[in-house]
Amino acid sequence: MNLHLQGQTVAVFGAASGIGRAIAAAFIQEGCTVHGFDLHPPADPAPHPMHQGDVTDHASVQAFADTLPSIDHVIFSVGVGSGKFGFPFWNLAPSDWARVLEVNLLGAVHVAHSFAPKLIARKNGSILFLVSVAGQIGSQTDPPYSAAKAGLINFAQCAAKDLAPHGIRVNALSPGMVRTDLNQSVWAASQNILPAHERKDYSAWAEEKIRKVSPMGRWQTVEEFAALATYLASDHARNITGQTLNIDGGQVMHS
Ligand SMILES: NC(=O)c1ccc[n+]([C@@H]2O[C@H](COP(=O)([O-])OP(=O)(O)OC[C@H]3O[C@@H](n4cnc5c(N)ncnc54)[C@H](O)[C@@H]3O)[C@@H](O)[C@H]2O)c1
């Protein structure tokens, strides 16, 4: 299928690793110009310019947006957890919530504020937020992360309604379990609270968890998200907006 994305410009937040890195690579393969933004430099050199900054700093996000003369698509693939195992929720202190909400939710809001005027000026384009099944099922693993993702799903719907009259679509793409740094950090937090003899290595923990939560019983891959992200940016998806699309092996099903 030809996605007809050649020559378009894409900003990818969280482009240094994991799903964001794969999405950036897929847009390049489609003939797009990609500009990456991340808190950290990529482990291997990226095939596109990388701007280093923190999405919690609106001025930094705005300065990045101001360097781009025009933009067609914006991808927000930033995500962090609290670093603690949040079940029950009082394993966390209330003070553990602020940074998680700032990065996952306010970071996305900063991005939307900085790029909406540019997209409106072009009267075309899309925004895609990476969210999580955790934001749809009251996941007990990390309550501030779940709440931030639930908030972002809701904001994506608000933004989709506001931007639809301007020809711009906004969607949320929701992973279940993908082997990335973020997923490893969830495993690490879950093991820290266990006595040494009950701890599992990452592979054993991950295999057990994926069989338990996913009807398809298999991991999702970063390439699956990259494929849907490029499709959603294309004109084939011109009637898809305000949606949360799960790639999760059936972990979440809505009737
Ligand atoms: N991996 C999974 O199983 C999974 C599951 C559900 C949702 N997600 C979501 O998918 C998205 C991508 O996550 P991933 O798994 O690729 O994780 P990842 O850790 O590989 O990538 C996240 C990127 O965000 C960057 N980042 C973190 N804080 C930042 C900040 N303040 N400013 C700018 N950049 C920052 C990191 O440096 C990293 O490159 C996230 O939104 C995450 O919440 C992932």
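Here the structure is a predicted model, which is why all the values come from computation and not from measurement.

A. View of the packing of aromatic side chains. What the rule picks out here adds up to 10 aromatic pairs. For the pair F37 and F64, a centre-to-centre distance of 5.2 Å together with 55° between the ring planes defines the contact as tilted. You can see F37 sitting in strand 2 (residues 33-38) and its partner F64 sitting in helix 2 (residues 58-67), a full 27 residues away along the chain. Residue class for F37 comes out buried when judged on its relative accessible area of 1%. Measuring from centroid to centroid gives 5.0 Å for F89 and W90, while their planes differ by 80°, and the two rings are edge-to-face. The class of F89 is exposed, set by a relative accessible area of 55%. Look at W90 and you get exposed, because its relative accessible area is 62%. Joined through ring pairs, the aromatic side chains of F13, F37, F64 and F115 make up one cluster.

B. Here's a closer look at the pairing of strand 1 (residues 9-13). Extensive coverage of strand 1 is indicated by the burial of 5 of its 5 residues. Side chains T9, A11 and F13 project from strand 1 onto one buried face, and the interleaved V10 and V12 project onto a second face that is buried too. Sheet topology note: the strand 1/strand 2 ladder contains 5 bridges and is parallel. By the bridge assignment for strand 2, V12 is matched with G36. Between strand 1 and its parallel partner strand 2, the chain crosses via helix 1 (residues 18-29), and the hand of that crossover is right-handed. In this sheet, strand 4 (residues 73-76) lies alongside strand 1 in parallel orientation, the contact comprising 4 bridges. Within strand 4, the residue paired with F13 across the bridge is F76.

Calculation criteria
- Residues numbered from 1 in each chain as written.
- Predicted model: local features only at pLDDT ≥ 70, side-chain atom pairs only at ≥ 80, totals over all residues.
- Heavy atoms only, no water.
- Phe/Tyr/Trp six-rings, centres within 6.5 Å; stacked < 30°, edge-to-face > 60°.
- Helix = DSSP H or I, 4+ residues; strand = E, 2+ residues; numbered from the N terminus.
- Buried < 20%, exposed > 50% of the residue type's maximum accessible area, 1.4 Å probe, protein only.
- Pairing = 2+ DSSP bridges.
- Right-handed = clockwise from strand over helix to strand, strands pointing away.

All we've got here are geometric facts, nothing functional implied.
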